[in-house]
Amino acid sequence: MNDTDPEVPAPQCDGSTERVPPYAPRVGGPDPMAVAALWQQELPGLDVTNIVLASAIHRIAQLLEQDFTELVKEYDLLPSEMRILLALRRSPPSYALSPTQLFRRLMVTSGAVSKQVHRLCERGLVSRHLDPQAPRGQLVRLEPAGRHIADQAVRRMSTTHAGLEALDRSEAQRAIVMAQQVLSALDPSVGSSGPNADE
């Protein structure tokens, strides 16, 4: 990225736009193939395929998380808070989940979810309600303001997300199939959790 890169309007919480660079500066990281070459020099004949694959996936995850973090800053949210909004948005028809469902889907502690939900409630993005299906249970429900932010974020990521849009759609689909194969090898439960599996 350089000083001549075009700027794009970014959605703000109040519905206005602010012109910002399309990508944040990248966090530096090693080239997985270069790392593999170094290992092969030190241990000739060693098959380092697993190391290369793991390093590439880790680097991809870093870049995607960096992009996501920059996106949610525009809404004065933490990534974990945005993920709560997205999880609720994917939960029709009531757009509500129990705290237990949230921390299981997001793979965080119940204490972390409680803190994040409290902050989102203070901003009017979610609300707490009694769960009619569970004695003394609670539900966290997405409010219209939270839905608006979630929808903006999903539309933004579907259009521009860390440079993934540079892949043509056929390349992206092939990458999805390969990524699913890798994920299934690491986690055999993948594919059994239904449409509400979280990012």
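Relevant structure appears above.
Reading the values: rules and limits
- Residues numbered from 1 in each chain as written.
- Predicted model: local features only at pLDDT ≥ 70, side-chain atom pairs only at ≥ 80, totals over all residues.
- Heavy atoms only, no water.
- Helix = DSSP H or I, 4+ residues; strand = E, 2+ residues; numbered from the N terminus.
- Buried < 20%, exposed > 50% of the residue type's maximum accessible area, 1.4 Å probe, protein only.
- Contact = heavy atoms within 4.5 Å.
- Areas by Shrake-Rupley, 256 points an atom, 1.4 Å probe, with all protein chains shown as cover.
- Polar contact = N/O pair within 3.5 Å; in protein donor to acceptor, adjacent residues only side chain to side chain.
- Pairing = 2+ DSSP bridges.
- Axes fitted to C-alpha atoms, helices over the stretch in contact; angles between N-to-C directions.
- Parallel < 35°, antiparallel > 145°, perpendicular 65-115°, else oblique.
- Nonpolar A, V, L, I, M, F, W, Y, C, P; charged D, E, K, R; others polar.
- Left-handed = near helix turned anticlockwise from the far one by under 90°.
- Salt bridge = Lys/Arg side-chain N within 4 Å of Asp/Glu carboxyl O.

Undergrad: How would you sum up the overall build of the protein? Please name residues and give values.
TA: When its secondary structure is counted, the protein shows seven helices and five strands. In the protein, the succession of helices and strands from N to C terminus is β-β-α-α-α-β-α-α-β-β-α-α. Counting over 199 residues, the protein shows a buried share of 29%. In the protein, 54% of the contacts between residues at least 6 apart in sequence involve partners at least 24 apart. If you sum the accessible surface of the protein, you get close to 12800 Å²; carbon and sulfur atoms cover 59% of it.

Undergrad: Hey, could you go over the environment of S189 for me, with residue numbers and the actual values?
TA: If you trace the backbone, S189 turns up in the segment after α7 (169–186). With a relative accessible area of 38%, S189 lands in the partly exposed category. One polar contact links S189 to D187, side chain to side chain, over a distance of 2.6 Å.

Undergrad: Kindly report on the sheet that holds strand β4 (residues 126–130), identifying the contributing residues and their values.
TA: Here we have three strands laid out as an open sheet, ordered β3-β5-β4, and antiparallel in their pairing. Because the sheet does not close on itself, it has two edges, and the strands there are β3 (96–97) and β4. The pairing of β4 with strand β5 (residues 138–142) spans five bridges and is antiparallel. By the bridge assignment for β5, H129 is matched with L139. Of the strands in this sheet, β3, β4 and β5 are in contact with helix α3 (residues 79–89), which crosses β5 at around 90°.

Undergrad: Outline the packing of α3 against helix α5 (residues 110–122), supporting the account with residue identities and numerical values.
TA: Between α3 and α5, whose axes approach to 10 Å, the crossing angle comes to 80°. Considering their axes alone, α3 and α5 lie roughly perpendicular with respect to each other. On α5, the residues touching S80, E81, I84 and L85 of α3 are V113, Q116, V117, R119 and L120. A class-by-class count of the residues in the contact of α3 with α5 yields five nonpolar, two polar and two charged.

Undergrad: Lay out the packing of helix α1 (residues 32–42) against helix α2 (residues 49–73) in plain terms, naming residues and giving numbers.
TA: Taken N-terminus to C-terminus, the directions of α1 and α2 make an angle of 150°; their axes are 9 Å apart at the nearest point. It follows from the interaxial angle that α1 and α2 lie roughly antiparallel. Considering how the two elements wind past one another, α1 and α2 form a crossing that is right-handed. Residue-level contacts link P32, M33 and A36 of α1 to V52, S55 and A56 of α2. Looking at the contact of α1 with α2 residue by residue, the classes come out as five nonpolar, one polar and no charged.

Undergrad: Residues and numbers for α3, please.
TA: The element α3 is extensively covered by neighbouring structure, given that nine of its 11 residues are classed as buried. Those residues of α3 that sit buried are P79, E81, M82, R83, I84, L85, L86, A87 and L88.

Undergrad: Could you give an account of the pattern of salt bridges, with specific residues and numbers?
TA: Applying the stated rule across the entire model yields seven salt bridges. The salt bridge involving D151 is made with R89; its shortest N-O contact spans 2.5 Å. With D151 in helix α6 (residues 144–159) and R89 in helix α3, this pair connects stretches of sequence that are 62 residues apart. By relative accessible area, D151 is classed as buried at 18%. Note that R147 is salt-bridged to D151, the shortest N-O span being 4.0 Å. Of the two residues, R147 and D151 are both situated in helix α6; the distance of four residues between them amounts to about one turn of the helix. Among the residues examined, R147 registers a relative accessible area of 34% and is labelled partly exposed. Look at the salt bridges and you will find they share partners, linking D76, E81 and R119 into a network.

Note that every value here comes from positions in space, so none of it alone points to a role or purpose.
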